[in-house]
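The chain contents come next:
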Amino acid sequence: MTILEDYAAGVGTAGGSAAGIGAAGIGAAGVGAAGVSRWYIVVPPILLITFLIGLFFFAAEGQSQLNAADERIHNSQVRQQALSEFIALMTDAEAGQRGYLLTGEKSYLQSYTDAVPKVESALGKIYEAYGGKDDRHDIQELRILTGRRLGELDDTLALFNRKAPTPALNVVRTDVGKRTMDEIARIVGAMRATEGRELAAATAQWQADFRLSRWVSAVGVILNITLVLLTTRFVYREMRRRAQQAASLRGQKQELERQVSERTSELTALSTHLQGVSEQEKSALSRELHDELGGLLVAARMDLSWLQQRLPTSDPNIEHRFKRIHDSLSAGVDLKRRVVEELRPTLLDNMGLYTALRWQFKETCRRAGLQCTEIIPESEPKFDPDAAIGVFRIAQEAMTNILKHAEAKSADLWVGIDAGNFKLRVADDGKGIASNRLQTSTSHGLVSMRHRIAALGGTCEVGTPMGGGGTAVIASIPLARMLARDCP
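Just so it is clear, the structure is predicted and the values come from calculations on it, not from any experiment.

To continue, consider the confidence of the model for the chain. On average, residues of the chain score 78 in pLDDT, and 84% of them reach the 70 mark or higher. Considering only residues more than four positions removed or in separate chains, one finds that residues 1-37, a stretch of pLDDT under 50, has 54 contacts.

Here it is as structure tokens:
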């Protein structure tokens, strides 16, 4: 491998290493900057990146010096080649001329005729190789001596061709031409020696720069690997920290979900308990009103009737007063009956759930002027009292919503048992509820119905009846949760 080939390989390696330093450094910096956020993690990669940038520019400067050294080597080689070509042409011209003069063979003359025209071109190459400047004394002297020597050769050859071989040979035997040729050889030798020293110095400089570039590349690669490893460590540490944080957050989330579930269960149980207590209090209040207040009102009416019979009078004002008292007592009895039925329907306890639902539905439709359609079985299983009052309250709340919000003209009630489930359906042909509000509705009535149904282990659906508008409330409750405990 020549010096130029060694240089080309070195430049390629150094340039590639420098490029690798920059590319890998930038890539590692990107990983470090993207993966970590705390300052004590970011600072070390920044310092290493700074070092790598300095090494990159140092490698670029080394490559520039390698290019300059290579240029010196190339120029020196070109000059040496031009000098060698020139002195070879001069030697060929002189040898060919002498061979022809001594032997008379024209074959020797061929090398002379070939070399002489090229001498000027060779001098031009030397001139160009030294930068094309006219301030070099040795090149000017070489031109003068070359012209003189070529003139001597041409004159001697012309003399020989004029049939004067002896004088021509005598000229050749003199040392005049030899002194000119020796001077030319001396100048060329000095120039070649100078170029040899220049080539040696340039080669030594190139080798030194190449070794330095290799060292810089090696250091850059080592630092680059260190940066990648360090950044990888930092990224791994950060990822592990984030994974721990994520695990901690998941644990906290699960704990919060557990607490929310417990609180929800507690609140549900509390709400169910409060509803049960409320129903018990209503039942107790209903009995008190029925027994105590009802007895008082009936006794007052009986006493008033006794007074009318014992104290007859023809005074119309007194008769009017007696009548007003009778009417007030009758209204009180009716009011007591309505309040008692609202608190705890007596039909529910005495006649069963189906009868209470039928009476409630018809009474509501009568008061609101609605067309009502009911489908309720004739026979009724023995329902648990708490479950029965819960279903009755669900139907009562559905009918209340129809009266308050639906603006309906008709209502339907369907009660039945299907596939082991007790089902209740209350529907109307009113304006209905928007679909986007069905799941997000905060109406206390709907919330109360859903809670009562959920407490019985059932499901509640609120939607639009098939084939028309309005609203339909469908409750589905496992029959086992509805039956009394002693019922098979």
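That was the structure; now back to the text.
With mixed pairing, 5 strands are arranged side by side in an open sheet as S1-S2-S3-S5-S4. Of all the strands in the sheet, the pair left with one neighbour each is strand S1 (371-375) and strand S4 (459-463). The average undirected angle you get between the axes of adjacent strands in this sheet is 10 degrees. With 8 bridges connecting them, strand S2 (residues 410-418) and strand S3 (residues 421-428) associate as antiparallel partners. Pairing of Val-415 across the sheet is with Leu-424, part of S3.

In this section: the packing of helix H9 (residues 353-368) against helix H10 (residues 385-406). For any two helices packed against each other, the geometry comes down to the angle between their axes and how far apart the axes lie. Between H9 and H10, the least distance of the axes is 10 Å, while the angle of their chain directions is 15 degrees. The angle between H9 and H10 places the two elements in the roughly parallel class. H9 and H10 meet at a crossing whose hand is right-handed. Contact residues: H9 offers Leu-353, Ala-356, Leu-357, Gln-360, Phe-361, Thr-364, Cys-365 and Ala-368, while H10 offers Ala-388, Val-391, Phe-392, Ala-395, Gln-396, Met-399 and Leu-403. For the contact of H9 with H10, the class distribution of residues is 12 nonpolar, 3 polar and no charged.

One way to put it is that helix H3 (residues 106-129) packs onto helix H4 (residues 137-161) with a least axis distance of 11 Å and a crossing angle of 165 degrees. Classified by the angle their axes make, H3 and H4 are roughly antiparallel. The two elements H3 and H4 cross, and the hand of that crossing is left-handed. Residues Leu-109, Tyr-112, Val-116, Val-119, Glu-120, Leu-123, Gly-124, Ile-126 and Tyr-127 of H3 form the contact with H4, whose own contacting residues are Ile-139, Leu-142, Arg-143, Thr-146, Leu-150, Leu-153, Asp-154 and Leu-157. For the contact of H3 with H4, a count of residues per class yields 12 nonpolar, 2 polar and 3 charged.

Conventions adopted
Residues numbered from 1 in each chain as written. Predicted model: local features only at pLDDT ≥ 70, side-chain atom pairs only at ≥ 80, totals over all residues. Heavy atoms only, no water. pLDDT = per-residue confidence, 0-100. Contact = heavy atoms within 4.5 Å. Pairing = 2+ DSSP bridges. Helix = DSSP H or I, 4+ residues; strand = E, 2+ residues; numbered from the N terminus. Axes fitted to C-alpha atoms, helices over the stretch in contact; angles between N-to-C directions. Parallel < 35°, antiparallel > 145°, perpendicular 65-115°, else oblique. Left-handed = near helix turned anticlockwise from the far one by under 90°. Nonpolar A, V, L, I, M, F, W, Y, C, P; charged D, E, K, R; others polar.

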